[in-house]
Amino acid sequence: MRNHSQDATQSGGPTGPADPTGPTGPLGLRLAGGRAVEGEPGDALLGTPASGGTSAGAPHDHGTSAAPGGTGGATGGAEGPAGTHPPDRTQAILEATKQVAALLKSAGHPFALAGSVAAYAHGVPQSLQHDTDFAILREDAEAVTQDLEAAGIQVRVPPEDWLIKARSHGEEIDLIFELARHPVTPDLLQRAHTLPVDSVRMPVLAPTDLVGSLLAAFSEHHCDFGAVLPIARTLREKIDWDLLRRESEGSPMPEAFLYLLERLNVIEPREATP
């Protein structure tokens, strides 16, 4: 997906959201086929509509949504009465994430956490409201399915050909072969950072790869800059913005987002070409 050198692996990342620079709004990230999930709060940019449910990655997770000041615990998913925040499902989503990650690690399958839970692992302040995304190799899909089913986790194959879906602790898990139409590759997974996610260490997409997948998923049909802005702002010092500019060249929506970041002084303006 990209050939930039990997950032130094972090040995002691945050176990939860870092101190926010300010309150953040709903964040849901969906990671994969490049189309956004419609009809979900905070749907961001990483995935395509999943059949039979509300789920899959860049904010649907792509999907996690952030509620300012939320704390983990509740597992409910329905939105509460008018004027209230939806139940905070952070802890249930983290438990599901840890269970699946532990199974993938023990079976030796290469993977990396993606989507909004990856942003959370990197310290982006948010509470989680949707599913967890794992990037895996397409050739490992059958073996991953068998190992998860052997552990008692329900797995199904949706009509979309870029992921398989599982369910753990009542939460949706998307195991994705493509991030915004870009196949998951061994190089992408090797660049992942090993970070603690609620005390369990696991590979997490490198910041440049994570934000790059979000930018690549922007389209005329779904272009929620507000969902991705907190991620870019929090991780800006860890991202190769020149690389993302090159990869986004000629794509109107990603280029517009990068211009917005410049105007907000999140990143330095691109130097004019003589």
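As shown above, the structure is provided for reference.
Here the structure is a predicted model, which means the values were calculated and not measured. (Residues numbered from 1 in each chain as written. Predicted model: local features only at pLDDT ≥ 70, side-chain atom pairs only at ≥ 80, totals over all residues. Heavy atoms only, no water.)

Turning next to the overall build of the protein. On a plain count of helices and strands, the protein comes out with 8 helices and 9 strands. Burial analysis of the protein (274 residues in total) assigns 56% to the buried set. Long-range pairs, those at least 24 residues apart, make up 67% of the contacts in the protein with a sequence separation of at least 6. When the accessible area of the protein is evaluated, it comes to approximately 11,500 Å², of which 51% is carbon and sulfur surface. (Helix = DSSP H or I, 4+ residues; strand = E, 2+ residues; numbered from the N terminus. Buried < 20%, exposed > 50% of the residue type's maximum accessible area, 1.4 Å probe, protein only. Contact = heavy atoms within 4.5 Å. Areas by Shrake-Rupley, 256 points an atom, 1.4 Å probe, with all protein chains shown as cover.)

Turning our attention to the pattern of salt bridges. For the structure on display, the rule yields 10 salt bridges. Among the salt bridges present, the one from Glu-172 reaches Arg-167, with a minimum N-O distance of 2.7 Å. Between Arg-245 and Glu-262 there is a salt bridge, and its shortest N-O distance comes to 2.8 Å. Separated by 17 residues along the polypeptide, Arg-245 in helix H7 (residues 241-248) and Glu-262 in helix H8 (residues 252-263) bring together distant segments of the chain. Side by side, Arg-245 and Glu-262 carry an identical accessibility label, which is buried. Linked through salt bridges whose partners overlap, the residues forming this network are Lys-165, Arg-167, Glu-172 and Asp-174. (Salt bridge = Lys/Arg side-chain N within 4 Å of Asp/Glu carboxyl O.)

Attention now moves to the pairing of strand S2 (residues 132-136). With 5 of 5 residues buried, S2 lies mostly within the body of the structure. Side chains Thr-132, Phe-134 and Ile-136 of S2 all project onto a buried face; the interleaved residues Asp-133 and Ala-135 project onto the opposite face, where all are buried too. With 4 bridges connecting them, strand S1 (residues 111-114) and S2 associate as antiparallel partners. Note on S2: the bridge partner recorded for Ala-114 is Asp-133. Of the strand pairs in this sheet, S2 and strand S5 (residues 171-176) are connected by 4 bridges, and their pairing is parallel. Paired with Asp-133 across the bridge in S5 is Asp-174. (Pairing = 2+ DSSP bridges.)

Before going further, it helps to spend a moment on the nonpolar core. Core analysis: the biggest nonpolar cluster contains 63 residues, and Leu-113, Phe-134, Leu-175, Trp-241 and Leu-261 have the highest contact counts within it. Contact partners of Leu-113, with chain neighbours within four places excluded, come to Thr-97, Ala-118, Ala-121, Thr-132, Asp-133, Phe-134, Val-197, Met-202, Pro-203, Val-204 and Leu-205. (Core = buried A, V, L, I, M, F, W, Y, C linked by side-chain atoms within 4.5 Å.)

For the rest of this paragraph, the subject is helix H1 (residues 90-107). For H1, spanning 18 residues, the distance from its first C-alpha to its last is 26 Å, which sits close to the expected 26 Å at 1.5 Å a residue. Three or more residues of H1 are buried, namely Thr-90, Ala-92, Ile-93, Leu-94, Ala-96, Thr-97, Lys-98, Val-100, Ala-101 and Leu-104. In the segment just after H1, Gly-108 is the residue with positive phi, at about 80 degrees. (Expected span 1.5 Å × (residues − 1).)

One non-glycine residue, Ala-180, lies in positive phi territory at about 50 degrees. Structurally, Ala-180 is set in the loop between strand S6 (178-179) and strand S7 (182-183). Overall, the relative accessible area of 1% leaves Ala-180 in the buried class. Positioned with a positive phi, Arg-181 is a non-glycine residue whose angle comes to about 75 degrees. Here Arg-181 lies in the loop between S6 and S7.

Moving on to the packing of helix H5 (residues 207-217) against H7. The relative placement of two packed helices comes down to the angle between their axes together with the axis-to-axis distance. Contact pair H5 / H7: the axes reach a minimum separation of 10 Å and the direction vectors enclose 30 degrees. With respect to H7, the axis of H5 lies roughly parallel. Once H5 is placed against H7, the crossing between them reads as right-handed. Contacts between H5 and H7 involve Thr-208, Val-211, Gly-212 and Leu-215 on the former and, on the latter, Trp-241, Leu-243, Leu-244 and Ser-248. Residue classes in the contact of H5 with H7 are distributed as 5 nonpolar, 3 polar and no charged. (Axes fitted to C-alpha atoms, helices over the stretch in contact; angles between N-to-C directions. Parallel < 35°, antiparallel > 145°, perpendicular 65-115°, else oblique. Left-handed = near helix turned anticlockwise from the far one by under 90°. Nonpolar A, V, L, I, M, F, W, Y, C, P; charged D, E, K, R; others polar.)

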